[in-house]
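# Coordinate analysis (summary)
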Amino acid sequence: MRHLLVIIVVAIGIQTASAQLFSKEKIKNLENFDQKTLSWGYYLGFNSYDYKFDYNEITEDIITESSAGFNVGLLGDLRLNDYFNLRLEPGIVFATRNLTFQNPSLTTAAEIEREVTSTYIHVPLLIKFSTKRANNWKPFIVAGASWSNNLSSNQDNPDDNSAGQFRQTTSVFNYELGIGVDLYLYYFKFSPSIRGVFAMGDELVRDADPNSPWTGNITSMQSRGLFINFTFQ
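Basis of the calculations
Residues numbered from 1 in each chain as written. Predicted model: local features only at pLDDT ≥ 70, side-chain atom pairs only at ≥ 80, totals over all residues. Heavy atoms only, no water. Phe/Tyr/Trp six-rings, centres within 6.5 Å; stacked < 30°, edge-to-face > 60°. Helix = DSSP H or I, 4+ residues; strand = E, 2+ residues; numbered from the N terminus. Buried < 20%, exposed > 50% of the residue type's maximum accessible area, 1.4 Å probe, protein only. Lys NZ or Arg CZ within 6 Å of the ring centre and 35° of its normal. 1 Å grid on protein atoms, 1.4 Å probe; cavity = no way out; pocket = protein on both sides within 12 Å on 5 of 7 lines; lining within 4 Å. Points joined across faces, edges and corners; volume = space filled by probe spheres on them. Nonpolar A, V, L, I, M, F, W, Y, C, P; charged D, E, K, R; others polar. Contact = heavy atoms within 4.5 Å. Polar contact = N/O pair within 3.5 Å; in protein donor to acceptor, adjacent residues only side chain to side chain. Pairing = 2+ DSSP bridges.

## Observations concerning the packing of aromatic side chains
Within this structure, the stated rule accounts for 12 aromatic pairs. Taking the centre distance of 6.4 Å and the plane angle of 50° together, the rings of F101 and F166 count as tilted. Note that F101 is positioned in the loop between strand 4 (91–100) and helix 2 (109–112) and F166 in the loop between strand 6 (137–150) and strand 7 (171–184), a separation of 65 residues in sequence. Given a relative accessible area of 7%, F166 falls into the buried group. In textbook terms, an aromatic cluster arises when at least three aromatic residues are bridged by ring pairs, as seen for Y42, F188, F190, F230 and F232. Lying across the ring of F140, K128 places its NZ or CZ 4.6 Å from the centre. The ring of Y184 carries R133 above its face, with NZ or CZ at 3.7 Å from the centroid.

The following block contains the structure:
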């Protein structure tokens, strides 16, 4: 699913960019749009999250199976100059991951498997660097930091994995890197983009038992996400 979405977005971007670049039509849509000091918009998109685990000792890896999630949010854009913009993109992210623990002491499905459903309030602050506009399209890259508040973290839940509860920290700081293209249509600007989101700290809340078969051998657990966003301004 993740690879199919990436292929679709890239194909659309290449097809549109090629048509715009090689077309004899030179009429520019929204010619003065990027001269605004402030602009607003919204985005919709998809995500695929997994975890990066580091272990105290060499062991069987925890298997992470990701599912397609959904993103929605608002966009505020501050023009700094012709090539740089500062962007705030608060939104909500829904993500699901399935974990399979391979510790030999775990035998039943209820012990081995955990479904981790997360709902994040996600607030990125990004720098957008754009190339010079070519007719009705303009490639860009984005980079910056974000803060996520996991509303489904179970951080303060007194139950742990021994009672079937997988726990994470509520507050997560990330760094983000991405690429995209601005497409200037007749009525609005449409911007498909692909972005990686990487947690910077350990998110695991460990079980009460230091020798827990679920968390005892984990040094750190960090989220990694692939976002495909469609922005409208």
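## Details of empty space enclosed by the protein
Enumeration according to the criterion identifies 3 cavities of 30 Å³ or more in this entry. The space that makes up the largest cavity amounts to roughly 60 Å³. Around the largest cavity, the lining residues are Y43, R87, E89, F140, S191, S193, R195, N229 and T231. Looking at the lining of the largest cavity, the elements that each hand over two or more residues are strand 8 (189–199) and strand 9 (218–232). Considering each element in turn, the lining of the largest cavity owes the most residues, 3 residues, to strand 8.

## Side note on the layout of surface pockets
By volume, the largest pocket amounts to about 390 Å³. Surrounding the largest pocket, 22 residues form its lining, D34, Q35, D82, R133 and K138 being those nearest its centre. When contributions to the lining of the largest pocket are tallied by element, the ones reaching two or more residues are strand 2 (63–79) and strand 5 (113–130). Here the residues of the lining of the largest pocket sort into 2 nonpolar, 7 polar and 13 charged.

## A look at the environment of K138
One can find K138 in strand 6. Of the residues examined, K138 reaches a relative accessible area of 7% and is grouped as buried. Residues K138 and S191 lie 53 residues apart in sequence; the distance between their C-alpha atoms is 9.4 Å. Discounting chain neighbours no more than four positions away, the residues touching K138 are D34, S130, T131, K132, R133, V181, D182 and Y184. Within the local environment of K138, its side chain forms a polar contact with the side chain of D34, the two groups lying 2.7 Å apart.

## A closer look at the side chain of S193
Relative to the elements of secondary structure, S193 occurs in strand 8. With a relative accessible area of 7%, S193 lands in the buried category. Excluding its chain neighbours within four sequence positions, the residues that come into contact with S193 are F140, I179, G180, F227, I228 and N229.

## Observations concerning the pairing of strand 6
Where strand 5 lies against strand 6, 11 bridges are found, and the strand directions are antiparallel. By the bridge assignment for strand 6, Y120 is matched with N150. Taking the residues between adjacent antiparallel strands as the criterion, strand 5 and strand 6 are bridged by 6 residues, where N135 takes a positive phi near 55°. Strand direction decides the pairing type here: strand 6 and strand 7, joined by 13 bridges, are antiparallel. Paired with W147 across the bridge in strand 7 is F173.

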